[in-house]
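# Report on the structure
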Amino acid sequence: MKIYNTLTRQKEEFKSIDPGKVKMYSCGPTVYNYFHIGNARPFIIFDTLRRYLEYSGYDVTFVQNFTDIDDKMINKANELGITVKELAEQYIAEYFTDAQGLNIEKATIHPKATENIDAILDVIGKLVDKGYAYETADGVYFDTRKFDGYGK
C-alpha cells in the first residue's frame, strides 16, 4: 500500500515502525452536538484504513479521543441547564449510535480529555519548563520556532 507523505510530498510504500503492528491516532469529536458529514468523513477514512491494515494482517491499535470539555461544551451545558459531563455522556452515546449507523467500528481505545487532565497539564508544564511553550494572559502556546523538527 502506498500512502502520501506530506513531508516528502510523494506517495511512499507503507512500512510500519514495529513489524506486524500499527498504532493509529485520530482526533475524535468534541461532544457538544451530533456529528455532521464533515466530521463523518475522517471517521470513515480512518475506519477504512484501519480495516484495510487489519485485512492485510497487521495488529492495529487505534486510538480516537473524545474532547469532553471546552468552551462550546460549557456554554451549551449552561444553556441546557445540565452539567458538562451530562452533555458529554449524551453526545458520546449519540456518536456511537451514528457511527454504528455508518458501520464505523469502535476504536481500540476512546480516551476522554477529562480523564487525562493531569497528564495533559504535566506535558504542558514540561514544554514551558523546556522553553518550547510560553504563557500569556490568554493561555499557553507552543512556540513552533523553538522546535527545528516542527511539522515532521
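Before any of the text, the structure's been laid out above.
In this text, all values refer to a predicted model and were calculated from it rather than measured experimentally.

Reading the values: rules and limits
Residues numbered from 1 in each chain as written. Predicted model: local features only at pLDDT ≥ 70, side-chain atom pairs only at ≥ 80, totals over all residues. Heavy atoms only, no water. Helix = DSSP H or I, 4+ residues; strand = E, 2+ residues; numbered from the N terminus. Buried < 20%, exposed > 50% of the residue type's maximum accessible area, 1.4 Å probe, protein only. Polar contact = N/O pair within 3.5 Å; in protein donor to acceptor, adjacent residues only side chain to side chain. Contact = heavy atoms within 4.5 Å. Phe/Tyr/Trp six-rings, centres within 6.5 Å; stacked < 30°, edge-to-face > 60°. Lys NZ or Arg CZ within 6 Å of the ring centre and 35° of its normal.

## Focus on the side chain of His-110
One can find His-110 in the loop between helix H3 (84-101) and helix H4 (117-129). Classification of His-110 by relative accessible area gives buried; the value is 18%. Polar side-chain contacts of His-110 include one of 3.0 Å to the backbone nitrogen of Ala-107. If sequence neighbours within four positions are ignored, His-110 has contacts with Gln-64, Phe-66, Tyr-95 and Phe-96.

## Let's talk about the packing of aromatic side chains
Summed over all chains, the structure comprises 14 aromatic pairs. Centre to centre, the rings of Tyr-132 and Phe-147 are 6.2 Å apart; their planes meet at 85°, and the pair counts as edge-to-face. With a gap of 15 residues between them, Tyr-132 in the loop between H4 and strand S5 (133-136) and Phe-147 in the segment after strand S6 (139-142) connect regions that are remote in the sequence. Taking relative accessible area as the criterion, Tyr-132 reaches 29% and is therefore assigned partly exposed. The class of Phe-147 is partly exposed, set by a relative accessible area of 39%. Of the aromatic side chains, those joined through ring pairs into one cluster are Phe-35, Phe-43, Phe-66, Tyr-95 and Phe-96. We note Lys-106 situated over the ring of Phe-96; from NZ or CZ to the ring centre the distance is 4.6 Å.

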